[in-house]
Amino acid sequence: MKVAEALSAEGKLTRVSSTDRVTKAILFRTPGGRHLAVEINDVKSRGFAKQVKIVFENAPSGEALDWKAIAASLGITISDRQFKSSAYTLKGANLEPGRQMSAYIQDQATLERLVDWYASAEGTADATTALDRAAVEAAMDIYDNLGAEGFAARYPQFQDSRQYWVRPSRPRAFSRYPSKPVAAIAAGAHTLGGGWSKRYTAASLLHNAGYIIVDADDRPEPVPAEQYPYLITGAERVRACALTNHIAPARDRGDVDVTIVAGKLHDEIGMKQAWANVCQALRGPKFQHYAAVPPPREVGPEASTTTTFTYDLDQRATKQMTQSPRTAMNQILYGPPGTGKTFATAAVAVGLCLDIPTSDPLFAEDRRDELMAQYRRLADDGRIEFITFHQSYAYEDFVEGLRPTTDPADPLGESTEATGPAAGSAGFRLRSEDGIFKRICERARLDGGDQPGDRLDRQRPVFKIALGRRGIEEDRITLGLDEGLIHLGWGGDIDWSDERFDSFEEIRREWQEMKDADATGKDPNIEMTYSFRSAMQPGDYVALSDGRDTVRAFGRVTGEYYYDASAPFHPHRRKVDWIWQNADGVERARFYASYFRRHSVYQLRPTTIDWDGLESIVLGEDASRPVSGARPYVLVIDEINRANISKVFGELITLLEPDKRLGELNELKVRLPYSGAVFGVPANLHIVGTMNTADRSIALLDTALRRRFEFRELMPRADLLGTVEGIDLSALLSTINGRIEYLFDREHQIGHAYFINCKTRSDVVDVMRHKVIPLLAEYFYEDWNKVAAVLGDADEGDADRKGGFLQRKQLATPAGMGGEGEATPRFRWTVLDDFDFGGLQRK
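In this structure, I750, F755 and M768 are the most contacted members of the largest nonpolar core, which totals 35 residues. Ranked by residues supplied to this core, first place goes to helix α22 (residues 761–779) with nine residues. Residues within four places of F755 in sequence aside, it is in contact with L721, L729, L732, L733, I750, V764, V767, M768 and V772. Counting 34 residues, the second largest nonpolar core, distinct from the first, contains I332, I637, I640 and I687.

Spelled out as structure tokens, the structure:
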């Protein structure tokens, strides 16, 4: 013990156990977080007259240390016999049975050398060198369940990840996870080194298991394979990533087959223009043996970004199955006013989007603010949309319709007369405009789950660019494709970098002053310089044309305009990341109905671009189909029964059925009447409506709608109300509703939400005066005798009467309306200034 205390004084050990413990299981920790326990069996001997047992962590970094070698070197006895002690489980000691290695020490020098070795020793070469995917996924499950803050509290030994993150192999709550704790938990280690520097550090282990290491912005980290040769590369890396991120998740879902797009896998890994290598690895027999799959069905060019490989999966090899995706929900919440239908739709929408059950703590009564914060976040993200139907609402508002616009028919000047920014035109024209239903359907259909980068940004402009004439200026085209740039010859030898040239007029003025005083805005030196220099922005797309009918490459602009005075040709340049290339080219008509103009560069008309067709070229044939990991979306339709449903949904009413959704067994699509687009409803879109039964009976609802929706009744909950300053609100509401049901029907009751926020008597009075009594008057068509009956202020007589809420005074019979006792008594009803709730407290 004296030696251990001396090492503690030197900073080589930190005592974990209290000072009260002096003989058994005295815990210490090295600066690196490794634990050991000192066992002194002879209380009378505190030195080394007799052996002292030291219990160590067998594998403190995830792999067993070379205990045999150190035992031989120090001449000590070791034992893997496991001992039980409650102290071994305290404070994260990691010394539970099954994780121990004991050494028996007889002198001080040996103990010092052993502790020094233990503090920094690496695992043996024959230790486990690979992580099991199931263990990694289980570690990510822990992170999902605890959240970032809860995880940090549970595992304080891990600091916040700053550089190395790991991308999950299937859609999860987070797009990236801290690599060090995930790898350590998967390896069963208390802690683990990060980075690539050793074979058994976190990034190395996860990388070699086929996972993708990314930075804090979810971009693949460069793999230092030349510096660290134990990191897998090339075809071996392609095979590992394909199995971990595509084959294995498909087996988890129970899919019968899985398709891998070469370009997508290429970009996920972070490779550079190595599509041929990816294709070769995916079609080779080594991958078939490695992943236990038959030869794939191959579609597309032999070695291209869009080459696809489809593998049939033997489901007998499935190791784990996940729950099948939730069936699309069409649900209507109906009930009297004030029963919390609107709030209930928020809870349903959040539950569907987050895929959590109604038993989740988030739906507890005391977490209403937190639930609504989640609702607002999801709405801001575009995953929840809210709309209220009304009597004049129509198909043209909901799906798509024609709207007048004064924009020119060719807004981007795609006719031969075009010049720079288009000039306005007189009059107006009609243009197809999407409604809320079509917009959220498209968002849901195109959702990429946790891999949003797999889609093109459909809000971005697309520019047609020509780099040279095929066969004549092939070197110029090749330069652009190989060097990742686009270049323009128009614009002369003027450097257009100055900020003032953001303006079309400034470009025109400069060209006229420096080159051609008679030039107009139609001069290609002006028009195309503006398109290339000013209209085009980083993030926009470019389609490399090959004549008027063929596109050869497609890329994303990554850099600002720059002038290269040393360039042998075309000094006006920008950097581009080519997403797709095909030397043979594909037909322009697959994504753009109009011929390419002969201009070197111009922006394509957005309304003419077929984005689905474009994605099928650039990303693969199935790129625009809903992905299995697409996140849920919810459309909330308030007061759904107030509109003419047949008029609003039109032919789309059939497409709402779950089995008619996109990707389902009986998938249906229709061609929309105004835009001509082919349209379907995605399976990940849920529709939740509300219906006020006091406004319109459920029995009168459109039969076609009733057949396609589930109905959930929400009735008044008097039990949710308490007593406020002596007023029993539960009894009050129950009494009112019992009388309404007797006099009218159950669908016109008063909901508990009217009173749920009442804190004082004044609050209750205000609700009764301004909400309940006017609503009762509306229900009974100003028959105040029935209103009085509900409030407990009615009687059988004709005399004046002052009740708890209303005062009744008989009106004098006008002359000529009958003699005394002959005319029907009529009354003036007045709402009292002060209320007496006694008549509503008796059930």
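The discussion continues.
This part covers the sheet that holds strand β5 (residues 77–79). Across the sheet, which stays open at both edges, the six strands sit in the order β1-β2-β3-β4-β6-β5 with antiparallel pairing between neighbours. Strands at the two margins of the open sheet, each flanked by one partner only, are β1 (14–15) and β5. Sheet topology places β5 next to strand β6 (residues 100–105); three bridges connect them, and they run antiparallel. Counterpart to I78 in the pairing with β6 is A103. Relative to β5, helix α2 (residues 67–74) is tilted by about 155°, and along the sheet it contacts β4 (52–57), β5 and β6.

Tracing the chain through its elements places R574 in strand β22 (residues 572–587). The charged side chain of R574 is buried without a salt bridge, its nearest counter-charge being E560 at 4.2 Å. A polar side-chain atom of R574 sits 2.9 Å from the main-chain carbonyl oxygen of F532.

So, about the packing of α2 against helix α3 (residues 108–120). The N-to-C vectors of α2 and α3 enclose an angle of 155°; their axes lie 11 Å apart at closest approach. Relative to α3, the element α2 lies roughly antiparallel. As α2 runs across α3, the sense of the crossing is right-handed. Where α2 approaches α3, its residues W67, I70, S73 and L74 are matched on the opposing element by T110, R113, L114, W117 and Y118. Tallied by class, the residues present in the contact of α2 with α3 amount to six nonpolar, two polar and one charged.

Attention now moves to unusual backbone geometry. One non-glycine residue with positive phi stands out, namely E639, at about 55°. Mapped onto the elements of the fold, E639 is located in the loop between β24 (633–638) and α19 (645–649). Phi angles above zero are rare outside glycine, and E782 is one such case at about 65°. Along the polypeptide, E782 turns up in the loop between α22 and α23 (784–791).

Our focus in this paragraph is the environment of A583. Along the polypeptide, A583 turns up in strand β22. Note on A583: relative accessible area 51%, which makes it exposed. Taking the C-alpha atoms as reference points, A583 and V551, 32 residues apart in sequence, are found 9.5 Å from one another. Residues in contact with A583, not counting those within four places in the same chain, are R470 and R552.

Two elements in contact, helix α16 (residues 504–514) and helix α17 (residues 524–535), have axes separated by 10 Å at closest approach and are oriented at 135°. The pairing of α16 with α17 is recorded here as oblique in orientation. Regarding α16 and α17, the two cross each other, and that crossing is right-handed. Contact residues: F504, I507, R508 and W511 in α16; N525, I526, E527, T529, Y530, R533 and S534 in α17. Looking at side-chain class alone, the contact of α16 with α17 contains five nonpolar, three polar and three charged residues.

For the rest of this paragraph, the subject is the side chain of Q100. As for its placement among the helices and strands, Q100 is situated in strand β6. Residues in contact with Q100, not counting those within four places in the same chain, are V55, F56, N58, D80, R81, Q82, F83, Y88 and L95.

Strand order across the open sheet formed by five strands is β14-β24-β27-β13-β28, with parallel pairing between neighbours. The open sheet has two edge strands with one neighbour each: β14 (384–388) and β28 (710–713). When strand polarity is set aside, the average angle formed by the axes of neighbouring strands in this sheet is 20°. In the sheet, β14 pairs with β24 via five bridges, with the strands oriented parallel. Considered in β24, the bridge of T388 is made with D638. On top of the sheet, helix α11 (residues 341–354) reaches β13 (330–335), β14, β24, β27 (685–692) and β28; it is set at about 170° to β27, its chief contact.

Cut-off values and rules
- Positions within a chain are numbered from 1, following the residues in the order the chain's sequence is written.
- Where totals are concerned, whole chains, interfaces and linings use all residues; where local detail is concerned, this predicted model gives features only for residues with pLDDT of at least 70, and gives and counts side-chain atom pairs only at 80 or more.
- Only hydrogens and water are set aside; all other atoms, that is, all heavy atoms of the structure, feed into the side-chain values.
- Put simply, buried Ala, Val, Leu, Ile, Met, Phe, Trp, Tyr and Cys residues joined by side-chain atoms within 4.5 Å make one nonpolar core.
- A 1.4 Å probe rolled over the protein chains alone gives each residue an accessible area, and that area as a share of the maximum for its type sets the label: buried under 20%, exposed over 50%, partly exposed in between.
- A helix here means a DSSP run of H or I that spans at least four residues, while a strand means a run of E at least two residues long, and both kinds are numbered starting from the N terminus.
- Note on definitions: a residue-residue contact is assigned when non-hydrogen atoms from the two residues lie within 4.5 Å.
- For two strands to count as paired, DSSP must find a minimum of two bridges between them.
- All axes here are fitted lines through C-alpha atoms, helices being fitted over the stretch that makes contact, and every angle between N-to-C directions spans 0 to 180 degrees.
- By the counting scheme adopted, Arg and Lys are positive, Glu and Asp are negative, and His together with the chain ends is not counted.
- Any Lys or Arg side-chain nitrogen located within 4 Å of an Asp or Glu carboxyl oxygen qualifies as a salt bridge.
- What qualifies as a polar contact is a pair of N or O atoms within 3.5 Å, subject to a donor-acceptor requirement within protein and to the restriction that residues adjacent in sequence count only when both atoms come from side chains.
- Throughout this description, any angle smaller than 35 degrees is read as roughly parallel, any larger than 145 degrees as roughly antiparallel, any in the 65 to 115 degree range as roughly perpendicular, and the remainder as oblique.
- Each helix crossing is assigned a hand: it is left-handed if the near helix lies turned anticlockwise from the far helix by less than a right angle, otherwise right-handed if that turn is clockwise.
- Residues are grouped as follows: nonpolar covers Ala, Val, Leu, Ile, Met, Phe, Trp, Tyr, Cys and Pro; charged covers Asp, Glu, Lys and Arg; every other residue, Gly included, is treated as polar.

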